[in-house]
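Geometric and topological summary
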Amino acid sequence: MRRAVCPGSFDPIHNGHVEVIARAASLFDEVIVAVSTNPAKNYRFDLEERLASARETLTYLRGVSVLPMGEGLLAEFCRSHGANLIVKGLRSSQDFDYELPMATMNRQLTGVETVFIPAENSYTHLSSTLLKEVASLGGDISPFVPKGVLKRLNRQSS
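Residues numbered from 1 in each chain as written. Predicted model: local features only at pLDDT ≥ 70, side-chain atom pairs only at ≥ 80, totals over all residues. Heavy atoms only, no water.

A few words now on the sheet that holds strand β1 (residues 3-8). Ordered by their spatial adjacency, five strands build an open sheet running β3-β2-β1-β4-β5, and the pairing between neighbours is parallel. Edge positions in the open sheet fall to β3 (64-68) and β5 (113-118), since each of these has one partner strand only. With direction set aside, neighbouring strand axes in the sheet form an average angle of 30°. Strand direction decides the pairing type here: β1 and strand β2 (residues 30-35), joined by six bridges, are parallel. Residue pairing in the sheet places P7 in a bridge with A34 of β2. (Pairing = 2+ DSSP bridges. Helix = DSSP H or I, 4+ residues; strand = E, 2+ residues; numbered from the N terminus. Axes fitted to C-alpha atoms, helices over the stretch in contact; angles between N-to-C directions.)

Below, the discussion takes up unusual backbone geometry. The peptide bond linking D11 to P12 adopts the cis configuration, its omega dihedral lying at 0°. If you trace the backbone, P12 turns up in the loop between β1 and α1 (15-27). In the Ramachandran plot, F10 falls in the positive-phi region, its phi being about 50° despite a non-glycine side chain. Mapping F10 onto the fold places it in the loop between β1 and α1.

As structure tokens, then:
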């Protein structure tokens, strides 16, 4: 069985994330979406809201589960969940430059490999940070996020 982990903070999950996760689900038997919390980041949604958004959004995908990553190393999360692959979406060569050293470290720590999936061209400009900024300034991000995320953002704004 090929079990992969697709990690991220997903604050919020957007259509670029969904596209990469859906493609991963077609390649592997099981995909665990590991929702992380980085103490250095300021989150718009707390962990429970991010988990709920991801679960609601991804229910249509067979073999996909959503779990909190908890504290600690991603490589250890993978080992504890029997996953031997990490899936990372790449929007640009800058993403690759950022992700490659982590992929190498994860492989050297536990033997877990990283698979890079290039984002669909129509999503390469998306980032959760950019979407939160546009939304906070009154911009319409409805084409870029799942409906449940849009509802959550609208509730926060009102």
